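Here is how the chains run, residue by residue.
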Amino acid sequence: ELRQQDDRMKKAVTLVQRRWREKLNWAAANVRATKSEQSLQRPMEKLQVSRMTSRTVQAPAYFGESCLWQPVEEWSAPVPYLYTARCLSRVELVFIPRTVIKEALDRFSPWLRERLDIF
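Residues numbered from 1 in each chain as written. Predicted model: local features only at pLDDT ≥ 70, side-chain atom pairs only at ≥ 80, totals over all residues. Heavy atoms only, no water.

K.L.:
Sorry, what's going on with the overall build of the protein here?
P.N.:
Assigned secondary structure in the protein consists of 3 helices and 0 strands. Start at the N end of the protein and walk to the C end: the helices and strands fall as α-α-α. Sorting the 119 residues of the protein into buried and exposed places 11% on the buried side. For the protein, restricting intrachain contacts to residue pairs at least 6 apart in sequence, the fraction spanning at least 24 positions comes to 58%. Accessible surface computed for the protein: about 11,100 Å², of which carbon and sulfur atoms make up 58%. (Helix = DSSP H or I, 4+ residues; strand = E, 2+ residues; numbered from the N terminus. Buried < 20%, exposed > 50% of the residue type's maximum accessible area, 1.4 Å probe, protein only. Contact = heavy atoms within 4.5 Å. Areas by Shrake-Rupley, 256 points an atom, 1.4 Å probe, with all protein chains shown as cover.)

So, in structure tokens, the structure goes:
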């Protein structure tokens with residue numbers, strides 16, 4: 001039963017990760033194309049921050065967890081985020097550096113690392 005649940009979860013997570021990587025590659029390709037197009041435009045026609053759409057999310061909201069989807073070997077490089085978050089009310093924040101997560105992975109190796117790979 002637990003093994004079947006793990007297999008189903010692994011398939012779902014693999015699908016989500018694959019789609020996330022495809023989206024990331026697509027976005028990178030579009031950024032390169034946009035930059036080459038923008039270099040041909042006048043400076044006033046470039047993307048302006050005031051034209052960016054904003055969204056409101058309801059609590060609880062999680063930001064930055066996608067940095068855990070990268071292979072652990074690449075965790076030494078900082079991850080650029082393509083968004084900014086602003087709080088409209090009082091909030092509680094929890095910041096867990098990847099170094100702390102890596103220490104826990106090393107401490108409970110190998111089974112915890114396998115679980116993270118499935119996640």
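Now, onward.
K.L.:
Looking at this structure, I do not really get the pattern of salt bridges. What am I missing?
P.N.:
Where side chains of opposite charge bring their charged atoms close, a pairing between them can arise. Under the counting rule described, the total for this entry stands at 1 salt bridge. Notably, a salt bridge pairs Lys102 with Asp106, separated by 3.1 Å at the nearest N-O pair. A residue pair is termed a helical-turn pair when its members lie 3 or 4 positions apart in one helix, as Lys102 and Asp106 do in helix H2 (residues 98–107) at 4 residues. Looking at Lys102, the relative accessible area reads 30%, which means it is partly exposed. (Salt bridge = Lys/Arg side-chain N within 4 Å of Asp/Glu carboxyl O.)

K.L.:
Which parts of the structure should I look at to understand a nonpolar patch on the surface?
P.N.:
A cluster of nonpolar side chains, namely Val57, Phe63, Tyr81 and Tyr83, defines an oily patch on the protein surface of about 420 Å² accessible area. By the element assignment, Phe63 lies in the loop between helix H1 (2–38) and H2. (Patch = residues over 30% accessible without salt bridge, like charges linked within 9 Å, V, L, I, M, F, W, Y side chains within 5 Å.)

K.L.:
How do you make sense of the environment of Cys87 when you look at a structure like this?
P.N.:
With respect to the helices and strands, the residue Cys87 is situated in the loop between H1 and H2. As a C-alpha pair, Cys87 and Thr56 span 31 residues in sequence and 9.3 Å in three-dimensional space.

K.L.:
Explain the packing of aromatic side chains to me, please; I cannot follow it from the model alone.
P.N.:
Where two aromatic rings form a pair, the distance of their centres and the angle of their planes describe that pair. Under the criterion given, the structure shown has 1 aromatic pair. Between Trp20 and Trp69, the ring centres sit 5.2 Å apart and the planes meet at 85°, which makes this aromatic pair edge-to-face. Taken as a pair, Trp20 in helix H1 and Trp69 in the loop between H1 and H2 lie far apart in primary sequence, 49 residues in all. (Phe/Tyr/Trp six-rings, centres within 6.5 Å; stacked < 30°, edge-to-face > 60°.)

K.L.:
In this structure, what is going on with the nonpolar core? I would like to understand it.
P.N.:
Within soluble globular proteins, side chains that are nonpolar generally end up buried alongside one another. Core analysis: the biggest nonpolar cluster contains 6 residues, these being Cys67, Leu68, Val72, Trp75, Leu105 and Leu116. Those residues in contact with Leu116, other than ones at most four positions away along the chain, are Val72, Trp75 and Leu105. (Core = buried A, V, L, I, M, F, W, Y, C linked by side-chain atoms within 4.5 Å.)

K.L.:
Help me understand the side chain of Asp6 in this model?
P.N.:
Structurally, Asp6 is set in helix H1. Ignoring any residue separated from it by four or fewer positions in sequence, one finds Asp6 in contact with Arg115 and Ile118.

K.L.:
Looking at this structure, how should I read the confidence of the model for the protein?
P.N.:
Any region with low pLDDT has predicted coordinates that should not be read closely. Of all residues in the protein, 81% attain a pLDDT of 70 or more, and the chain-wide mean is 76. H1 is the least confidently modelled element of the protein, averaging 76 in pLDDT, while H2 averages 88, the highest of any element. (pLDDT = per-residue confidence, 0-100.)

K.L.:
For this particular structure, what's the right way to read the environment of Asp6?
P.N.:
Residue Asp6 is classed as buried on the basis of its relative accessible area, which comes to 14%. Separated by 112 residues in the primary sequence, Asp6 and Ile118 place their C-alpha atoms 8.2 Å from one another.

K.L.:
Before we go on, may I ask you to explain the environment of Trp69 in this structure?
P.N.:
In this structure Trp69 comes out as buried when scored by relative accessible area, which is 18%. Each C-alpha atom of the pair Trp69 and Asp117 lies 8.2 Å from the other, and the pair is 48 residues apart in sequence.

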